[in-house]
Amino acid sequence: MRKPFVAGNWKMHGSKAMIASLINDLSRAWQQGDKVDVAVCPPFVYIDYVQRTLNNPAIKVGAQNMAAEPEYGAFTGEVSAPMLKEFDCRYVILGHSERRSLFGEDDDLIARKVEVALNARLTPILCVGETLEERDAGITEQVIERQLQAVIDRVGGDAFADIVVAYEPVWAIGTGKTASPEQAQAVHAFIRDKIRLLSAEAADDMIIQYGGSVKPGNAMELFSQPDIDGGLIGGASLVADDFLAICNAAATAKG
Ligand SMILES: O=C(CO)COP(=O)(O)O
């Protein structure tokens, strides 16, 4: 049985005041850590503050990005895997569509980052997903396949037992448009089947999150799908009650 996993991607949001309130509320109210893994992914500068404010060992911390260079060096503005480890990060989001489209990150760079994260024993949350044009052109599966293949070529299929994949259709991110549970399930099954060709064990173990306008009102029907193992939550993860409702929905749907 896979343990569901819900993570909050705060993107470029937050302040000390907002985080103190959000993390205190989450720490107090989250009680289903035996059923669902939960993490929050703040901007780099707030990671230490979140760790020091957290008062609930069932809530873990992740980063939103990471350098492809494994150690230290002259890479202005970058943050390395060992730095994230030193601040007790468990996860790192890699290949988010905003990194791909706004900051020019390509499949090869993202695959290198996944390898660096795995070597540092950070769990990558590898984001994949198609744009609306690609969906309309009927090439959703080809796009997902290409994004996955770059990572497979670098780390192999077995490694997916230690990788979280987040399927985030670009057209559903921050738009209020969610993929229907059936649309999302079809892509999740496609992803799992692709990994199954390489490693049945990794396919059975791997967590595949759905991301894109997940809200308390639609979380339950999404998480009830057999291959949707949780969610990567943007906007709703900034509101304690909404994020908690989504985490609790994962516990109920998979319970
Ligand atoms: O990009 C996302 C999470 O990584 C999804 O964002 P929203 O939940 O705001 O649509």
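Worth saying up front: this structure is predicted, and the values here are computed from it rather than measured.

## Concerning helix H8 (residues 181-196)
Taking 1.5 Å as the rise per residue, H8 with 16 residues should run 22 Å; its terminal C-alpha atoms sit 22 Å apart, in good agreement. Pro181, Ala184, Gln185, Val187, His188, Ala189, Phe190, Ile191, Arg192, Lys194 and Ile195 are the residues of H8 that are buried.

## Remarks on the UniProt feature "binding site: substrate" (unreviewed entry) in the protein
Per the UniProt annotation, the sites labelled "binding site: substrate" (unreviewed entry) are Asn9, Trp10, Lys11, Gly174, Ser213, Gly234 and Gly235. Across 227 residues of sequence, these annotated residues stay compact in space, with a maximum C-alpha separation of 13.8 Å. Those residues in contact with Lys11, other than ones at most four positions away along the chain, are Cys41, Pro43, Gln64, His96, Glu98, Ile173 and Gly234. Residue classification places Gly235 among the partly exposed residues on the basis of a relative accessible area of 46%.

## Structural notes on the sheet that holds strand E8 (residues 230-233)
Taken together, the eight strands give a closed barrel; going around it, the order is E1-E2-E3-E4-E5-E6-E7-E8, and neighbouring strands pair in parallel fashion. Pairwise comparison of adjacent strand axes, ignoring direction, gives a mean angle of 25° for this sheet. Two strands pair when backbone bridges link them, and strand E3 (residues 59-63) and strand E4 (residues 91-94) are joined in this way by two bridges, in the parallel orientation. Directly across from Gly62, in E4, lies its bridge partner Tyr91. The strands that helix H7 (residues 140-155) touches are strand E5 (123-128) and strand E6 (164-167); relative to E5, the one it contacts most, it runs at about 150°.

## What about the packing of H7 against H8?
Where H7 contacts H8, the axes come no closer than 11 Å and their chain directions differ by 40°. Crossing angle aside, the handedness with which H7 passes H8 is right-handed. On H8, the residues that touch Thr140, Glu141, Ile144, Glu145, Leu148, Gln149 and Ile152 of H7 are Val187, Phe190, Ile191, Lys194 and Ile195. Class assignment for the residues of the contact of H7 with H8 results in seven nonpolar, two polar and three charged.

## Re the environment of Thr178
Mapped onto the secondary structure, Thr178 falls in the loop between E6 and H8. Overall, Thr178 belongs to the partly exposed group, its relative accessible area being 24%. Separated by 34 residues in sequence, Thr178 and Gly212 have C-alpha atoms that sit 5.9 Å apart. Discounting residues that sit within four places of it in the chain, Thr178 has contacts with Trp171, Ala172, Tyr210, Gly212, Ser213, Asn218 and Leu222.

## Digging into the site of the ligand
Around the ligand, the structure places Asn9, Lys11, His96, Glu168, Ala172, Ile173, Gly174, Gly212, Ser213, Leu232, Gly234 and Gly235. Interatomic distance of 2.9 Å between a backbone N/O atom of Gly234 and an oxygen atom of the ligand. Starting from 310 Å² of accessible surface for the ligand in isolation, the protein chains cover 96%. Residues belonging to the shell around the ligand are distributed by class as follows: three nonpolar, seven polar and two charged.

Cut-offs applied
Every chain begins its residue count from 1, and numbering advances along the sequence as written. Local features in this predicted model are restricted to residues whose pLDDT is 70 or higher, and side-chain atom pairs enter the listing and the counts only when it is 80 or higher, whereas totals over whole chains, interfaces and linings include all residues. For side-chain calculations, the full set of non-hydrogen atoms in the structure is used, while hydrogens and water are omitted. Only DSSP runs of H or I with at least four residues qualify as helices, and only runs of E with at least two residues qualify as strands; both kinds are numbered from the N terminus onward. Multiply 1.5 Å by the residue count of a helix minus one, and that product is the helix's expected span. The rule is simple: take the accessible area with a 1.4 Å probe, protein chains only, and divide by the maximum for that residue type; under 20% is buried, over 50% is exposed, in between is partly exposed. UniProt positions are given in the numbering used here, feature names are shortened, and annotations may be inferred rather than shown by experiment. Any two residues whose heavy atoms approach within 4.5 Å are treated as being in contact. Pairing between two strands is assigned when DSSP locates at least 2 bridges connecting them. Axes, fitted as lines to C-alpha atoms, cover a helix only where it is in contact. Angles between the N-to-C directions of the axes lie from 0 to 180 degrees. Throughout, a crossing is termed right-handed when the near helix is turned clockwise from the far one, and left-handed when it is turned anticlockwise from it by less than a right angle. Any residue outside Ala, Val, Leu, Ile, Met, Phe, Trp, Tyr, Cys, Pro, Asp, Glu, Lys and Arg is labelled polar, Gly included; the first ten of those are nonpolar and the last four are charged. Any residue with at least one heavy atom within 4 Å of a molecule or strand is counted as near it. N or O atoms closer than or at 3.5 Å make up a polar contact, with two conditions inside protein: a donor-capable atom paired with an acceptor-capable one, and, for residues adjacent in sequence, both atoms drawn from side chains. Only the protein chains shown count as cover for residues, and all accessible areas are computed by the Shrake-Rupley method using a 1.4 Å probe.

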